Amino acid sequence: MTEWLIVHAWKACVPKGTGGSNPPPSAIVLRAVRFARSTSYPTTLSRHAHPSRIAGVTSASFKARRVNPKNILTELKRRNVYRAAVAYGVVAWFLTQLTTQVFPFFEIPNSAVRFVVIALAVGFPIAMLLSWIYELTPEGVVRTEDLDPIEARSVQRRSGRLLDFIIIGALLLVIAMLVTGRLPFYRQTGESISQKSIAVLPFENLSEDKANAYFADGIREEILTRLAKIADLKVISRTSTQRYQSKPGNLAEIAKQLGVANILEGSVQKATDQVRVTVQLIQVASDSHLWADTFDRKLTDIFGVESEIAKAIADALQAKLTGGEQRALAVKPTNNSEAYDAYLRGLALEARTTVSPDDSGKAVGFYERAVQLDPAFALAWARLSRANAHVYFGLDSTTTRREATERALNTAQKLQPNSPETLLAQAYYQYWVRRDYELAKATFGRVRELLPGSSDVPGALALIARRQGRWDEGAGMKALPTGSKLLCSIRATLNGSPWPHRLTRIFGNSRLR
C-alpha cells in the first residue's frame with residue numbers, strides 16, 4: 001500500500017518537462033503527503049506510518065459502524081429511534097381520534113375503526129425497525145450501514161429535526177382537536193351526534209278507557225328493552241325521556257337536550273281484544289320521517305309487535321344486527337295474552353319516573369298473576385324477583401320477602417339462565433338483598449355485554465359506588481341532586497330501621513338506593 005502511494009505520488013509530483021530528472025527527496029516526500037491528503041484514501045503518511053497501521057485505518061469506519069451491545073441506548077438515540085417512536089405515537093393517537101369521530105358521521109362500520117387501531121398497533125414495531133435500519137438522505141432512503149460515519153451524523157441530525165417538526169405539528173393538531181371538542185358550538189352541532197342514536201318518547205294512550213294507559217307504557221318499555229339489545233344503536237334511557245310529553249312540538253330542542261339524532265313517537269289504542277300501535281321515527285335534523293307504520297293486532301297476537309318495531313327501527317337507522325341480537329329480538333316472552341297483560345301492568349308501574357317500594361309492591365302482585373297464568377314466563381319471573389328485591393331493600397326486609405325473591409330468581413334461572421333479564425334480576429338480588437356489592441358489580445358487567453344500551457347498568461353501578469363511599473365515581477355515572485350524598489350516608493347508617501323508608505317517602509327513593 002505504501003509503495004503504491006509513493007509511486008503514484010512520485011508521478012504526480014515530478015514536474016513535467018524535467019526529462020525525468022529527480023527533484024530533491026524532501027520535495028518528493030512533501031508532495032506525496034499533500035497528494036495523499038488530497039485523495040479520498042483513508043490514511044496519511046507520517047514518520048510513524050507503518051503498513052499494518054495504514055491497512056487498519058481502512059477498516060476503522062466499518063468497526064465504528066458495529067453496534068456495541070453495551071451502548072444500545074446510545075445507538076437508539078443516535079439513530080433517532082426515540083424520536084421516531086414519539087412521532088409515531090402522537091400521529092397514531094391523532095389518527096385514532098380522527099377516525100372515531102369522522103367514521104360514524106359517514107356511517108362507516110365500527111369494524112373499520114377497529115382495523116385502523118389494529119393496523120397502527122401492528123405498524124409500531126415495523127416503523128421502529130425501519131428507523132433503525134434506514135436513514136432519510138437528500139438522495140433518498142439509504143441503509144444506515146452504507147453511510148460514512150461523518151455523513152451519517154449529519155444525516156441523522158437532519159432526520160432528527162424533521163421528526164421534531166412532525167412531533168410538534170401532530171401535537172398542535174391534537175391540542176386543536178381537544179380545544180375544539182370543548183367549545184359549545186362544536187358540541188351542539190349535529191356532526192358530534194351519532195346518526196344511530198335514538199330517544200323513545202312516552203307513547204300516547206288513545207284508548208277511550210283511560211285505565212288502559214298502562215298498556216301504552218308497557219309497550220313502550222318493551223320496545224326500549226329490545227332496542228337496548230342492539231349494540232350498534234345508542235338508546236337514551238327511559239328516565240331521561242319520561243319527563244317529556246307524548247307528542248311535543250319542539251322536537252329539535254328535545255333532541256338537542258338528549259343528544260340524539262332521531263326520536264321515536266308512538267300511540268297505543270286498546271279496545272276489547274283489539275290493539276292498534278302507531279309509531280313514527282323522525283330524523284330531527286331534516287324533520288323528516290325515516291319510517292312510520294301502524295300495527296293492528298288482537299290481544300292474542302300482540303307479543304311480536306315490539307320485536308317488529310325494533311327490527312324496523314334498526315333497518316331504518318342502518319344498524320347491523322348480529323346473529324345473537326336477531327335471535328334475542330325474535331323470542332316471544334309468552335303466548336298467554338292474559339299473562340302478558342298482567343306483565344305489562346307491572347311493567348308500567350316500574351316504568352314511572354320515581355319508583356317507590358309501594359309501586360314495586362303493587363308490581364309484585366301483577367307479576368305473580370302473570371307467572372300463575374304462565375309458569376314458563378321466564379321474563380315475568382325475572383321481573384318478579386327484581387320487584388321483590390326492591391321491596392326487601394326499601395320496605396320489607398323480612399325472611400319471607402327474601403325467600404320470595406330467591407324463589408323467583410331460581411325459577412327464572414332454570415327457564416332462561418343466560419338471558420340478560422335473568423342476569424339483571426340476579427345482579428339486583430346481589431345488590432339489594434345480599435348487599436354483596438363486588439359480586440353485583442361483576443354481574444352487572446356481564447349484563448352490560450348483553451344489553452349495551454340499557455340504562456339499568458350504569459345507574460345501578462353509580463348507586464353501588466355511592467354506597468361504597470366513592471362519591472366522585474357515582475356522580476360521574478349518574479347525576480346527584482343537591483344534598484343526596486348526605487341522605488345516602490344517613491340511609492346507610494340507619495340501614496335496617498324504618499327510618500330509611502321514611503326518608504325515601506320524603507326525598508324520593510330513586511335517588512337514595
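Structure: see above.
Residues numbered from 1 in each chain as written. Predicted model: local features only at pLDDT ≥ 70, side-chain atom pairs only at ≥ 80, totals over all residues. Heavy atoms only, no water.

> Is there a simple way to explain the overall build of the chain in this structure?
Looking only at helices and strands, one finds 24 helices and eight strands in the chain. Evaluated residue by residue, the chain yields a buried proportion of 43% over its 513 residues. For the chain, contacts bridging at least 24 residues in sequence account for 60% of all contacts bridging at least 6. Of the roughly 27400 Å² of accessible surface on the chain, a fraction of 57% belongs to carbon and sulfur atoms. (Helix = DSSP H or I, 4+ residues; strand = E, 2+ residues; numbered from the N terminus. Buried < 20%, exposed > 50% of the residue type's maximum accessible area, 1.4 Å probe, protein only. Contact = heavy atoms within 4.5 Å. Areas by Shrake-Rupley, 256 points an atom, 1.4 Å probe, with all protein chains shown as cover.)

> Explain the side chain of Thr 99 here, please?
Counting through the fold element by element, Thr 99 comes out in helix α6 (residues 81–105). Relative accessible area serves as the criterion here: at 10%, Thr 99 is assigned to the buried category. A polar side-chain atom of Thr 99 sits 2.9 Å from the main-chain carbonyl oxygen of Thr 96. (Polar contact = N/O pair within 3.5 Å; in protein donor to acceptor, adjacent residues only side chain to side chain.)

> Would you explain the packing of helix α19 (residues 420–433) against helix α20 (residues 437–450) in this entry?
Working note: a packed helix pair is described by the angle between its axes plus the distance between those axes. Across the interface, α19 lies against α20 with an axial gap of 8 Å and an inter-helix angle of 160°. Our classification of the angle between α19 and α20 gives roughly antiparallel. The handedness of the crossing between α19 and α20 is left-handed. Residue-level inspection shows Pro 420, Leu 423, Leu 424, Gln 426, Ala 427, Tyr 428, Gln 430 and Tyr 431 of α19 in contact with α20, the latter providing Tyr 437, Leu 439, Ala 440, Thr 443, Phe 444, Arg 446, Val 447 and Leu 450. Its residues assigned to classes, the contact of α19 with α20 comprises 12 nonpolar, three polar and one charged. (Axes fitted to C-alpha atoms, helices over the stretch in contact; angles between N-to-C directions. Parallel < 35°, antiparallel > 145°, perpendicular 65-115°, else oblique. Left-handed = near helix turned anticlockwise from the far one by under 90°. Nonpolar A, V, L, I, M, F, W, Y, C, P; charged D, E, K, R; others polar.)

> Explain the pairing of strand β8 (residues 288–298) to me, please; I cannot follow it from the model alone.
When strand β7 (residues 274–283) meets β8, the two strands line up antiparallel, connected through 10 bridges. Residue pairing for β8: Val 275 is matched across the bridge by Arg 297. Hairpin geometry of β7 and β8 is characterised by an intervening segment of four residues between the two adjacent antiparallel strands and by a positive phi of about 55° at Asp 287. (Pairing = 2+ DSSP bridges.)

> For this particular structure, what's the right way to read the packing of helix α15 (residues 337–350) against helix α17 (residues 378–394)?
The N-to-C vectors of α15 and α17 enclose an angle of 35°; their axes lie 11 Å apart at closest approach. Handedness of the α15/α17 crossing: left-handed. Between α15, through Tyr 343, Leu 347 and Glu 350, and α17, the contact on the second element is made entirely by Leu 379, Ala 380, Arg 383 and Ala 387. Here the residues of the contact of α15 with α17 are counted per class, giving five nonpolar, no polar and two charged.

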